[in-house]
Amino acid sequence: MTPPFPYAFENYPLAPMTLYKVGGPARLALVPRTREEIIEGYSWMVKQPGPKLVLGGGSNVLIADDGYPGIVIFTNALTGIEQLGPDRYYLEGGAVLDDIVRGVLIKNNYDGTGGLTGIPGSVGGAIYMNAGTVNGTICQLMESVDVLLDGGVRTIPMEESLYGYRGQTFCPPIGLILGGTFVFRRAEKDQQAIYDHYIERRRRTQPPGNSCGSVFKNPQNDHAGRLIEACKLKGTRRGGAVVSEMHANFIVNEGGATCADILALIDVVKRTVKEQFGVQLEEEVKIFGLRERDAARSA
Ligand SMILES: Cc1cc2nc3c(=O)[nH]c(=O)nc-3n(C[C@H](O)[C@H](O)[C@H](O)COP(=O)(O)OP(=O)(O)OC[C@H]3O[C@@H](n4cnc5c(N)ncnc54)[C@H](O)[C@@H]3O)c2cc1C
């Protein structure tokens, strides 16, 4: 059923909404223009049968070639940034993370720039993934998070026990992170210099072009990239997708790659690393549309 919302679209192309630029359309997309429409659209969406998905900047997702057989809601309208007090801010989930890094952290010389520099996507997506680097992650900077759920908005005080390496337990897959309260600390080191340093480092070590960043999580005490490189898989191709020569944990869409091409490479990498090192790699990228279609078929 299509709702009577002016921001509801059937058969909505998803590839342009992701950094990978692959995948088919969503059966139905809600593209709200305001926070009120997000709450209205979400409240309607959660009552519908079938799969549902929240999408931010699309920088950590891979969409199936046949598309997403359910409802997708976008968070881009949540762009608000409000200063609540000295060093305390409310940041909405659809705000662009890099805008926050440059416009809030660097501008005020707050700690945290090192962990968040160069990560594409939205604040909400970053919170959902607990995005970051060895220099720190986003949830470490938060006082509380607002999650929209079936029963309404829940404000959850942030605690260390609620998040870990590229994940968290406060927002279920069907939850929508509306935003959160952040408390920043003034830094001693110049944050602009830290930003410039890490942007330059990413330029030297990570391939440009269409990707999702690291495809696999790092196994404990090791690096997925090191293992993949040691298996001599750099440069391995399937269709338009290639294991990057620059960074083995990146699979790049060089143009015209399909989701099937990328999945085939994921499979080769996982099998080879398991065979040669006995290590089972786990995807960091979130894959949508495959399991959901299988589930619909077997229902
Ligand atoms: C070149 C490149 C470099 C990268 N480097 C890093 C890095 O250094 N560290 C790192 O951690 N990641 C990195 N990433 C991965 C990615 O940028 C992060 O995971 C990012 O935080 C995802 O945000 P997004 O808004 O794009 O989320 P999306 O890709 O849109 O979604 C990712 C997941 O979050 C969920 N989600 C998104 N928004 C919300 C919301 N508001 N509420 C609830 N759920 C939501 C989605 O359902 C999905 O499960 C990189 C990616 C690229 C392409």
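Residues numbered from 1 in each chain as written. Predicted model: local features only at pLDDT ≥ 70, side-chain atom pairs only at ≥ 80, totals over all residues.

Engineer: I'm lost on the site of the ligand in this one. Help?
Structural biologist: Close to the ligand lie 34 residues, the nearest being Gly 56, Gly 121, Gly 124, Gly 125 and Gly 213. In terms of residue class, the shell around the ligand is built from 15 nonpolar, 17 polar and two charged. Each of domain 1 (8–74) and domain 2 (81–192) gives at least three residues to the shell around the ligand. (Near = placed C-beta within 6 Å. Nonpolar A, V, L, I, M, F, W, Y, C, P; charged D, E, K, R; others polar. Domains from an automatic or database assignment.)

Engineer: Please clarify how the packing of helix α2 (residues 97–108) against helix α5 (residues 191–205) should be interpreted in this entry.
Structural biologist: For any two helices packed against each other, one specifies the crossing angle of their axes together with the interaxial distance. For the pair α2 and α5, the least separation of the axes is 9 Å and the interaxial angle reads 145°. Between α2 and α5, the residues in contact are Val 101, Leu 105 and Ile 106 and Gln 191, Gln 192 and Tyr 195, respectively. Taken together, the residues of the contact of α2 with α5 break down into four nonpolar, two polar and no charged. (Axes fitted to C-alpha atoms, helices over the stretch in contact; angles between N-to-C directions. Helix = DSSP H or I, 4+ residues; strand = E, 2+ residues; numbered from the N terminus. Contact = placed C-beta atoms within 7 Å.)

Engineer: I tried to follow the nonpolar core on my own but got confused; where do I start?
Structural biologist: One broad rule of soluble globular proteins: the nonpolar side chains tend to lie buried together. Ranked by size, the top nonpolar core spans 83 residues in total, and within it Ile 63, Val 72, Ile 73 and Ile 262 carry the most contacts. The biggest single contributor to this core is helix α7 (residues 259–277), with six residues. Among residues more than four places away in sequence, those in contact with Ile 262 are Val 22, Leu 62, Ala 241, Ile 251 and Ala 257. (Core = buried A, V, L, I, M, F, W, Y, C linked by C-beta atoms within 7 Å. Buried ≥ 20, exposed ≤ 12 C-beta atoms within 10 Å, placed from the backbone.)

Engineer: Looking at this structure, I do not really get the pairing of strand β11 (residues 152–157). What am I missing?
Structural biologist: Taken across its six residues, β11 has zero buried, putting it largely on the surface. Sheet topology note: the strand β10 (residues 142–149)/β11 ladder contains six bridges and is antiparallel. From the neighbouring strand, Asp 146 faces β11, where its bridge partner is Thr 155. Hairpin geometry of β10 and β11 is characterised by an intervening segment of two residues between the two adjacent antiparallel strands. (Pairing = 2+ DSSP bridges.)

Engineer: I'm lost on α7 in this one. Help?
Structural biologist: Owing to its 3.6 residues per turn, the α-helix brings residues three or four apart onto one side. Over its 19 residues, α7 runs 26 Å from end to end, which matches the ideal 27 Å to within 8%, given 1.5 Å per residue. Restricting attention to buried positions, one finds in α7 the residues Cys 259, Asp 261, Ile 262, Leu 265, Ile 266, Val 269 and Val 273. All buried residues of α7 project into a common sector of 160° when viewed along the axis, lining one side. The outward face of α7, more than 90 degrees from its buried face, is lined by the exposed residues Asp 267, Arg 271 and Glu 275. On its buried side, α7 packs onto β4 (61–63), α6 (224–230), β15 (237–238), β16 (241–243) and β17 (251–253). Count one or two residues on from α7 and you reach Gly 278, which has phi positive near 70°. (Expected span 1.5 Å × (residues − 1). Arc of directions from axis to C-beta.)

Engineer: Just to check I follow, could you spell out the sheet that holds β17 for this structure?
Structural biologist: Think of a sheet as strands paired side by side through backbone hydrogen bonds, with each pair either parallel or antiparallel. Strand order in this open sheet of three strands is β15-β16-β17, and the pairing throughout is antiparallel. A single partner strand is all that each edge strand has here, and the edge strands are β15 and β17. Of the pairings in the sheet, the one linking β16 to β17 comprises three bridges and is antiparallel in character. Across the sheet, residue Val 242 finds its bridge partner in β17, namely Val 252. Against the sheet, α7 touches β15, β16 and β17, its axis set at about 25° to β16.

Engineer: Sorry, what's going on with the environment of Arg 238 here?
Structural biologist: Tracing the backbone shows Arg 238 in strand β15. Classification of Arg 238 as partly exposed rests on a count of 19 C-beta atoms within 10 Å. For the pair Arg 238 and Phe 216, spaced 22 residues apart in sequence, the C-alpha to C-alpha distance is 18 Å. Apart from residues no more than four positions distant in its own chain, Arg 238 is found in contact with Asp 261, Ala 264 and Leu 265.

Engineer: Looking at this structure, how should I read the domain arrangement of the chain?
Structural biologist: By a frequent convention, interface size equals the accessible area lost on bringing the separate parts together. Parsing the chain into structural domains produces domain 1 (8–74), domain 2 (81–192) and domain 3 (215–283). When each unit is reduced to the centre of its C-alpha atoms, the spacing between domain 1 and domain 2 is 22 Å. Residue-level contacts link 11 residues of domain 1 with 11 residues of domain 2. Breaking the side of domain 1 that touches domain 2 down by element, the ones donating at least two residues are α1 (35–45) and β3 (52–55).

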